[in-house]
Amino acid sequence: MSSDTVPPVANPENRAARGIVFLTVFIDLLGFGMVLPLLPIYADQFVVDESGLEIGLLMASFSAMQFLFAPMWGRLSDRIGRRPVLMIGLAGSVVFYTLFGIATTMQSMTLLFISRIGAGIAGATISTAQAYIADTTSLEERPKGMALIGMAFGLGFTFGPLFGYLAVPSGTGDPGPWPGYAAAGLSTVALLLAWFKLPESIRSDSPSAAKHNFNLKGLSDALSVPSVGLLLISLFVVVFSFANFETTLSMLLKGTENTPGHEHPFAFTFGQVCLTYAYIGFTLALVQGGIVRRVAGKVSEGVLASTGCILMVVGMLLILKATQDQSVGLLLGALAIVVGGFGFMMPSLNSFISRRSDPDKQGGILGIGQSVNSLARIIGSGLGIPLLKLNILAPFAVSAAIMGLGLLLVIVASRSGKDYHASEA
């Protein structure tokens, strides 16, 4: 058998290269997870923004840049290779996380915006990392390879906030610029790892890494199946609610500064905020890896998704109660319920959409699902802070209400359609 006919997965060097990709993505996401919990708190201290619109735009800017630039990085990696694009992204992360540290020292909202926009552009190379996995795996092994990227995300969001906590010298003081500098240092390690250890993966027969955010053909195919359209709306609702929750949580925990009344129901320290986000990441990893993975295939996606909706609604309502009572114990329990519900929802909805789609059109439909996910994250991140400035309970009340709508949509979608193969039979 010639080397050209050997499946990519059969090459031990490819397995090692995928491990390097995992490590570079993980280390880079450690930096992101370190900065995320502290970003809205910094911004709230640097600017008087009673409406919350400016801080909302800051929070949405990262996801917006990823949405816009992921296709560009994909097309560029098709032309010049995966390795240089991944390294450009890591180098950008070094620069813009350093700028984040400088922005916190200067207390400059302008520099915060530049650092987040730049970090979003640099971080949009995740799709190129996925293309690298596709280059080095056979079709049969590709799901396992892609799971490495998901694992890197989960671990990054779990351990990133812990590193953020360690960047606060006393655990209670103002961390100043050190989370930004530490994130830049981690990205530097990832860049050096890629420079010395990561080989190029692209081959003449590699699938394109370019992705279209809104492909009209894919949108038409998705909407031609009524239950798929309902599921896409459900996906939007879920991601919007979670982005709304995730963006506003740190300000709920720490308290708002430039808001009438200066509400501080919990008054967490910077270190406690970071530990809470680490707790969220660990809970999500535990639910998806320890529970959902075991019950998937044994319980229908409709039941799992409906269960996730109910958990998220209950969790959001409990957050409202915990805030009113200023109960930290109830809050931590509520956070676990919300995150558990989200852990049930996301894989179930994506699998559900896949099962209801024509296999020949599945790629385009799943691409639309990815676009819906991105748009929901942008809008949810952008509106969360203005809602919180309006009323500290508003983001969680809105999320509970629209998740109730999501539950109805999932139930209707489950009952109004059939899996593609079942309907064909």
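Residues numbered from 1 in each chain as written. Predicted model: local features only at pLDDT ≥ 70, side-chain atom pairs only at ≥ 80, totals over all residues. Heavy atoms only, no water.

Under the annotation held in an unreviewed UniProt entry, the protein carries the name MFS transporter and is attributed to Blastopirellula marina.

S.K.: Account for the overall build of the protein, with residues named and values stated.
M.R.: Of the regular secondary structure elements, the protein holds 16 helices and zero strands. Taking all 425 residues of the protein together, the buried fraction comes to 53%. Pairs at least 24 apart in sequence give 84% of the contacts found in the protein among residues at least 6 apart. Accessible surface, the protein: about 17800 Å² in total, of which carbon and sulfur atoms supply 66%. (Helix = DSSP H or I, 4+ residues; strand = E, 2+ residues; numbered from the N terminus. Buried < 20%, exposed > 50% of the residue type's maximum accessible area, 1.4 Å probe, protein only. Contact = heavy atoms within 4.5 Å. Areas by Shrake-Rupley, 256 points an atom, 1.4 Å probe, with all protein chains shown as cover.)

S.K.: Would you mind going over the confidence of the model for the protein in detail, with residue names and values included?
M.R.: Here the protein averages 81 in pLDDT, and 83% of its residues register 70 or above. Mean pLDDT values over the elements of the protein span from 51, in helix H16 (residues 420-424), up to 92, in helix H12 (residues 301-325). Across residues 1-10, where pLDDT falls below 50, the model places 15 contacts with residues more than four positions away in sequence or in other chains. (pLDDT = per-residue confidence, 0-100.)

S.K.: Describe the nonpolar core, listing the residues and the values that go with them.
M.R.: Counting 101 residues, the largest nonpolar core has Leu 112, Phe 245 and Ile 319 as its most contacted members. Considering every element that reaches this core, the biggest residue donor is helix H10 (residues 226-254), with 14 residues. Not counting residues up to four positions away in its chain, the partners in contact with Ile 319 are Phe 245, Leu 252, Leu 331, Ala 334, Leu 335, Val 338 and Phe 396. Counting residues in each nonpolar core, the second largest holds five residues, with Ala 60, Ala 64, Met 65 and Phe 67 among its members. (Core = buried A, V, L, I, M, F, W, Y, C linked by side-chain atoms within 4.5 Å.)

S.K.: Which residues make up the packing of aromatic side chains, and what are the values?
M.R.: Scanning all chains against the criterion turns up nine aromatic pairs. A centroid spacing of 5.7 Å and a plane angle of 70° characterise the contact between Tyr 42 and Phe 100, whose relative ring orientation is edge-to-face. Taken together, the positions of Tyr 42 in helix H2 (residues 39-46) and Phe 100 in helix H4 (residues 82-106) put the pair 58 residues apart, joining distant regions of the chain. For Phe 100, a relative accessible area of 1% translates into the label buried. Judged by centre distance (6.2 Å) and plane angle (70°), the ring pair of Phe 266 and Phe 268 falls under edge-to-face. Through a chain of ring-to-ring contacts, three or more aromatic side chains come together here, namely Tyr 42, Phe 46, Phe 100 and Phe 270. (Phe/Tyr/Trp six-rings, centres within 6.5 Å; stacked < 30°, edge-to-face > 60°.)

S.K.: So what's going on with the pattern of salt bridges? Which residues, and what values?
M.R.: Scanning all chains against the criterion turns up five salt bridges. Two residues, Glu 246 and Arg 377, come together in a salt bridge whose shortest N-O distance is 3.0 Å. With Glu 246 in helix H10 and Arg 377 in helix H14 (residues 362-390), the pair connects residues that are 131 residues apart, well separated along the chain. The partly exposed category is assigned to Arg 377, whose relative accessible area is 25%. The partner of Lys 321 in a salt bridge is Asp 325, with the nearest N and O atoms 3.3 Å apart. On the criterion of helical spacing, the pair formed by Lys 321 and Asp 325 is a turn pair, its members being four residues apart in helix H12. Overall, Asp 325 belongs to the partly exposed group, its relative accessible area being 42%. The network of salt bridges with shared partners includes Asp 78, Arg 82 and Asp 135. (Salt bridge = Lys/Arg side-chain N within 4 Å of Asp/Glu carboxyl O.)

S.K.: Account for the packing of H2 against helix H3 (residues 53-80), with residues named and values stated.
M.R.: H3 packs onto H2 with a crossing angle of 150° between their chain directions and a minimal axis gap of 10 Å. The orientation of H2 relative to H3 falls into the category roughly antiparallel. At the point where H2 passes H3, the crossing takes the right-handed sense. Note on element contacts: H3 touches H2 through Ile 55, Leu 58 and Met 59, opposite Leu 39, Pro 40, Ala 43 and Asp 44. Looking at the contact of H2 with H3 residue by residue, the classes come out as six nonpolar, no polar and one charged. (Axes fitted to C-alpha atoms, helices over the stretch in contact; angles between N-to-C directions. Parallel < 35°, antiparallel > 145°, perpendicular 65-115°, else oblique. Left-handed = near helix turned anticlockwise from the far one by under 90°. Nonpolar A, V, L, I, M, F, W, Y, C, P; charged D, E, K, R; others polar.)

S.K.: Give a description of the environment of Arg 79 that names residues and reports values.
M.R.: Structurally, Arg 79 is set in helix H3. The exposure class assigned to Arg 79 is exposed, which follows from its relative accessible area of 71%. Taking the C-alpha atoms as reference, Arg 79 lies 9.5 Å from Ile 202; in sequence the two are 123 residues apart.

S.K.: Can you lay out the environment of Ser 351 for me, pointing to particular residues and giving the numbers?
M.R.: Assignment of secondary structure puts Ser 351 in helix H13 (residues 328-355). Taking the relative accessible area as the measure of exposure, Ser 351 reaches 28% and is therefore partly exposed.

S.K.: Requested: an account of the packing of H10 against helix H11 (residues 270-295), with residues and values cited.
M.R.: Between H10 and H11, the least distance of the axes is 9 Å, while the angle of their chain directions is 145°. Handedness of the crossing formed by H10 with H11: right-handed. For the pair formed by H10 and H11, the contact residues are Phe 245, Glu 246, Leu 249, Ser 250, Leu 253 and Lys 254 on the first element and Phe 270, Val 273, Thr 276, Tyr 277 and Ile 280 on the second. The class makeup of the residues in the contact of H10 with H11 is seven nonpolar, two polar and two charged.

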